Amino acid sequence: VEEGWDYTNVDEWKKEFPQSCAGSKQSPINIILNNTKLAYTTGLEWKNYDFTPAEMRLTNNGHTIQLQAKWYYYDAYVTSGPLGLNDYIFEQLHFHWGQKDNEGSEHTINGKRCELEIHMVHWKRDYGSIENAVNYSDGLVVIASFYTVLLNRKSQVLENILDAISSVQNVNGTTKIEPFPLSDFKVADNYDDFISYSGSLTTPKCNEVVTWIILLTPFSISKKQIAKFRSIKLNHGSKYNYRSTQPLNDRKIRVYLQ
Ligand code: B30
Ligand code: ZN
């Protein structure tokens with residue numbers, strides 16, 4: 001997929017896509033935990049995440065590897081907590097990584113970068129499709145989680161994906177994988193503590209339509225697993241796919257402790 005941008009020129013995006021990538025509510029950001037506002041609400045509810053999808057497909061689209069899932073009857077969605085009565089339906093998840101340790105995640109916490117960040121992308125049910133939802137300021141919810149090398153312990157859920165890595169090593173590579181429930185992505189201790197803020201897609205056209213939900217507790221990944229992400233080929237030979245952090249401006253970051 002050739003879209004006229006890649007990770008060798010992230011700071012040029014503001015010039016190439018001035019109407020959006022140069023906006024004042026851009027993502028990712030550095031999250032300074034001392035500068036957050038404590039919020040009170042019911043927890044986030046994950047609906048149907050325990051169901052095994054009928055089909056799962058992994059694709060290298062030139063900027064990331066992306067996992068899509070289709071269920072037999074029910075789609076997976078999130079609701080409640082900061083989302084109130086609105087449902088946001090799961091569309092795809094994908095990864096951001098770097099070339100070295102302490103590099104790779106898009107968001108940083110107190111200035112620290114993890115080695116991997118997962119984005120679970122959801123669109124508001126009322127808007128009917130993701131293509132339509134990206135035109136509305138409350139169109140998307142992206143749930144982000146971090147992976148870092150802790151005691152070199154491997155992630156079991158990432159093994160399902162990395163087993164198929166040879167099929168997505170190159171741009172446009174795609175393969176079906178053995179379906180597993182997406183709830184396998186939510187198994188850390190303190191799983192429910194998160195922050196939320198209003199931002200944008202982290203890739204052009206950088207639409208300012210995303211309610212970000214960022215899980216605070218990182219998951220573990222092994223050195224061998226992170227090396228596999230670093231071997232994936234992206235557009236223009238890029239070996240990393242994270243955008244630099246953007247100014248917070250007048251936005252507030254809310255923290256939700258369970
Ligand atoms: S992110 O989570 O902020 N990194 C999109 C969704 C989530 C993020 C970034 C982008 C998205 O849906 N983009 C539009 C669809 N496309 C086109 C594109 O962004 O350029 C994604 C694709 O191929 O499948 Cu590439
Ligand atoms: Zn992303």
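The numbers attached to residues start from 1 for each chain and follow its sequence in the written order. All chains are assigned letters beginning with A, and all ligands numbers beginning with 1, in the order in which they are written. Residue-level local features of this predicted model are given only where pLDDT is at least 70; pairs of side-chain atoms are given and counted only at 80 or more, and the full residue set underlies all totals for whole chains, interfaces and linings. Excluding hydrogens and water, the side-chain values take into account all heavy atoms of the structure.

(A) Just the coordination of the zinc ion (ligand 2), in detail. Distances define the donors: N, O and S atoms within 2.8 Å of the metal qualify, as do those within 3.2 Å of Na, K or Ca. Water is excluded, so some sites may look unfinished. Around the zinc ion (ligand 2), the protein contributes the donor atoms His94 (NE2), His96 (NE2) and His119 (ND1), which lie 2.0 Å from the metal centre. Angles of 97 to 117 degrees at the metal separate the four donor atoms of the zinc ion (ligand 2), which places the site in the tetrahedral class. Taken in chain order, the donor set of the zinc ion (ligand 2) reads H-x1-H-x22-H. Of the two residues examined, His94 and His96, each falls in the buried class. All geometry calls rest on donor angles, where a four-donor set with angles between 85 and 135 degrees is tetrahedral, four- and six-donor sets with opposite donors more than 155 degrees apart and all others between 65 and 115 are square planar and octahedral, and all else is irregular. Any residue under 20% of the maximum accessible area for its type is buried, any over 50% is exposed, and the rest in between are partly exposed; the area is computed with a 1.4 Å probe on protein chains only.

(B) A look at the packing of aromatic side chains. The aromatic pairing rule takes the rings of Phe, Tyr and Trp, using the six-membered ring of Trp, and pairs them if the centres are within 6.5 Å, calling planes under 30 degrees apart stacked, those over 60 edge-to-face and the rest tilted. For the structure on display, the rule yields 14 aromatic pairs. Ring geometry for Trp5 and Trp13: centres 5.2 Å apart, planes at 80 degrees, overall edge-to-face. The pair formed by Trp5 and Trp13 is uniform in burial state, with each residue classed as buried. Clustering of aromatic rings is evident, with ring pairs tying together Trp5, Tyr7 and Trp13. Sitting over a ring, as applied to charges here, requires NZ of Lys or CZ of Arg to be within 6 Å of the ring centre and within 35 degrees of the ring normal. It is Arg125 that lies over the ring of Tyr77; its NZ or CZ is 5.0 Å from the centre.

(C) Representation of the pairing of strand β4 (residues 55–60) within the structure. The pairing of β4 with strand β5 (residues 65–70) spans six bridges and is classified as antiparallel. Considered in β5, the bridge of Glu55 is made with Lys70. Hairpin connection, β4 to β5: the antiparallel pair is bridged by four residues, and Gly62 has positive phi, about 95 degrees. Think of it this way: DSSP has to see at least two bridges between two strands before they count as a pair. The secondary structure listing takes helices from DSSP runs of H or I that are at least 4 residues long and strands from runs of E that are at least 2 residues long, numbered from the N terminus. Pairing of β4 with strand β11 (residues 174–177) involves four bridges; the strand directions are antiparallel. Of the residues in β11, the one forming a bridge with Thr59 is Thr174.

(D) Representation of the side chain of Thr59 in the model. Here Thr59 shows up in strand β4. Within the structure, Thr59 has its side chain in polar contact with the side chain of Thr174 (distance 3.1 Å). Two residues form a contact once any of their heavy atoms are found within 4.5 Å. Ignoring any residue separated from it by four or fewer positions in sequence, one finds Thr59 in contact with Thr64, Ile65, Gln66, Val168, Gly173 and Thr174. What qualifies as a polar contact is a pair of N or O atoms within 3.5 Å, subject to a donor-acceptor requirement within protein and to the restriction that residues adjacent in sequence count only when both atoms come from side chains.

(E) Examining the site of ligand 1 more closely. Close to ligand 1 lie 17 residues, the nearest being Glu3, His63, His94, Thr202 and Thr203. At the level of elements, β7 (88–97) and β9 (116–124) are the ones that each hand at least two residues to the shell around ligand 1. For the shell around ligand 1, the leading source of residues is β7, giving three residues. Class assignment of the residues belonging to the shell around ligand 1 gives a composition of seven nonpolar, nine polar and one charged. Think of it this way: one heavy atom of a residue within 4 Å of a molecule or strand is enough to make that residue near it. Three classes are used, and their members are as follows: Ala, Val, Leu, Ile, Met, Phe, Trp, Tyr, Cys and Pro are nonpolar, Asp, Glu, Lys and Arg are charged, and the others, Gly among them, are polar.

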